[in-house]
Amino acid sequence: MQILNGLQVAKTIKEQITQEVNTLKQKGLRVPHLAAILVGSDGASQTYVNSKEADCKQVGFDSSVFRYDETATEQEILDKVEEINNNPNIDGLIVQLPLPKHISELKVTQMINAEKDVDGFHTISLGKLLKGEDTFIPATPYGILMMLELYNIETTGKHCVVVGRSNIVGRPMSVLMSQNTKYGNCTVTLTHSKTQNLESFVQQADIVIAALGKPEFIKGSMLKQGAIVIDVGITRVEDSSNPKGYILKGDVDFEDVKEIASAVTPVPGGVGPLTRIGLLKNTFKSYLKSN
Ligand code: GUN
């Protein structure tokens, strides 16, 4: 079984981006700038935002993180979004989700200027994605497409089963995998928590994309021999033997599937690092469009 290693590839792409940023600097030009808004103190969200900030620093992008208390009002956040929309020196804006319950995620994501929507969550971005127009592909689906391309995984005519229908991963992924493009030319089945006989669908898949957020849900017995398995899950599971108090688990039981699958993305080190590259690439794309 082949391990689809995202870490190594991410390192190479980061080096390429760093080179491009160095060229901009040598020409005396402004560098790409990503802004993030983080509301509240959710541990996972803080880790994600810190990683995004570190990625920017590593490749030479500017970054700004605007942190708000859990009690921030919706209007405060909307005002900040508008301010960033109007700042010509900021190319990309992400509002880390989830937001506290009293703040509408829909209102906030819709307020982001679609030209700076590097998360690709705005209705305009998702509408363009549905039509196959040029847009910001949400980072995780983007990372998965990069993985398929880098490992030259044949998709034409294959059956891809996506497990999970979130707006961030499952739904855009199902669209991208069904387009007439080299690395997304499948017959797609989108399954979710209410799918009856879920196993019978997964069993038919040449490519399984597991994005349901249930640790080790996908077992070897659910797979067709030789299936390619993309694990998007990254759940913190309590583990007192770990200094952090938790370990990260994917949606795939790696040990159980490794005899059946022909290729699997590990967690950590699979899709995650490429997802982070997706955001950097989108930020660079926005920068290039406006410069
Ligand atoms: N929460 C979980 N994943 C994401 C993501 O990709 N972007 C944002 N903004 N929030 C998230």
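Data block above holds the structure.
Residues numbered from 1 in each chain as written. Predicted model: local features only at pLDDT ≥ 70, side-chain atom pairs only at ≥ 80, totals over all residues. Heavy atoms only, no water.

### As for the packing of helix α6 (residues 139-150) against helix α10 (residues 271-290)
Short version of the rule: Interaxial angle, 0 to 180 degrees, is taken between N-to-C directions of lines fitted to C-alpha atoms, where a helix line uses only the stretch in contact. Put simply, DSSP marks the helices as runs of H or I at least four residues long and the strands as runs of E at least two long, and each gets a number from the N terminus on. Relative orientations are named as follows: roughly parallel for angles under 35 degrees, roughly antiparallel for angles over 145 degrees, roughly perpendicular for angles from 65 to 115 degrees, and oblique for any other angle. Crossing handedness follows the turn of the near helix against the far one: under a right angle anticlockwise gives a left-handed crossing, and clockwise gives a right-handed one. Any two residues whose heavy atoms approach within 4.5 Å are treated as being in contact. Any residue that is not Ala, Val, Leu, Ile, Met, Phe, Trp, Tyr, Cys, Pro, Asp, Glu, Lys or Arg is counted as polar, Gly included; the first ten are nonpolar and the last four charged.
Remark: α6 packs on α10, axes separated minimally by 7 Å, with the N-to-C direction vectors making an angle of 110 degrees. In terms of axis orientation, α6 runs roughly perpendicular to α10. Crossing angle aside, the handedness with which α6 passes α10 is right-handed. Contacts between α6 and α10 involve Ala139, Thr140, Tyr142, Gly143, Ile144, Met146, Met147 and Leu150 on the former and, on the latter, Val271, Leu274, Thr275, Ile277, Gly278, Leu279, Lys281 and Asn282. The residue makeup of the contact of α6 with α10, split by class, is ten nonpolar, five polar and one charged.

### Description of the sheet that holds strand β6 (residues 187-191)
Cut-off, in case you're wondering: One requirement defines pairing of two strands: DSSP has to find at least two bridges between them.
The six strands are arranged β1-β11-β8-β7-β5-β6 in an open sheet whose pairing can be described as parallel. Pairing within the sheet leaves two strands with one partner each, and these edge strands are β1 (2-3) and β6. Bridge count between strand β7 (residues 207-210) and strand β8 (residues 228-231): four bridges; the pairing is parallel. Of the residues in β8, the one forming a bridge with Val208 is Val229.

### With respect to the pairing of β6
As defined by bridge partners, strand β5 (residues 159-163) adjoins β6 across five bridges and the pair is classed as parallel. When the sheet's bridge partners are listed, His159 is paired in β6 with Thr187.

### Thoughts on the nonpolar core
As a rule of thumb, nonpolar side chains are buried together in soluble globular proteins. We count it as follows: What is meant by a nonpolar core is a set of buried Ala, Val, Leu, Ile, Met, Phe, Trp, Tyr and Cys residues, joined one to another through side-chain atoms within 4.5 Å. Relative accessible area decides the class of each residue, using a 1.4 Å probe on protein chains only: under 20% of the type maximum gives buried, over 50% gives exposed, and in between gives partly exposed.
Ranked by size, the top nonpolar core spans 51 residues in total, and within it Met177, Ile207, Ile209 and Ile230 carry the most contacts. Counting residues per element, this core draws most heavily on α10, at seven residues. Beyond its immediate chain neighbours, meaning those up to four positions away, Met177 contacts Leu145, Leu148, Thr155, Cys160, Tyr183, Gly184, Asn185, Cys186, Val188, Ile207 and Ile209. Ranked by size, the runner-up nonpolar core spans 18 residues in total, among them Ala72, Val95, Leu97 and Ile103.

### Quick word on the site of the ligand
In plain terms, the rule: We define proximity as follows: a residue is near a molecule or strand when any one of its heavy atoms falls within 4 Å of that partner. N or O atoms closer than or at 3.5 Å make up a polar contact, with two conditions inside protein: a donor-capable atom paired with an acceptor-capable one, and, for residues adjacent in sequence, both atoms drawn from side chains. Surface accessibility follows the Shrake-Rupley procedure with a 1.4 Å probe radius. Residue values consider only the protein chains on display as shielding.
Contacts to the ligand come from Lys52, Val95, Gln96, Leu97, Asp119 and Phe121. At 2.8 Å, a backbone N or O of Val95 approaches a nitrogen atom of the ligand. Between Gln96 and the ligand, the recorded distance is 3.2 Å, taken from a side-chain N or O atom to a nitrogen atom. When the ligand is considered free in solution it has 280 Å² of accessible area, and contact with the protein chains removes 81% of it. In terms of residue class, the shell around the ligand is built from three nonpolar, one polar and two charged.

### Describing the layout of surface pockets
Where we set the bar: Cavities and pockets were defined on a 1 Å grid built from protein atoms only: a cavity is a group of points that admits a 1.4 Å probe but offers it no way out, a pocket is an open group of points flanked by protein on both sides within 12 Å along at least five of seven lines, and a lining residue is one with an atom within 4 Å of any such point. Grid points are joined across faces, edges and corners, and a volume is the space filled by probe spheres set on the points.
As a volume, the second largest pocket reaches approximately 420 Å³. Lining the second largest pocket are 21 residues, and of these Ile137, Tyr142, Leu145, Glu149 and Leu176 sit closest to its centre. At the level of elements, α6 and α10 are the ones that each hand at least two residues to the lining of the second largest pocket. Among the elements that take part in the lining of the second largest pocket, α6 stands out by supplying five residues, more than any other. In terms of residue class, the lining of the second largest pocket is built from nine nonpolar, six polar and six charged.

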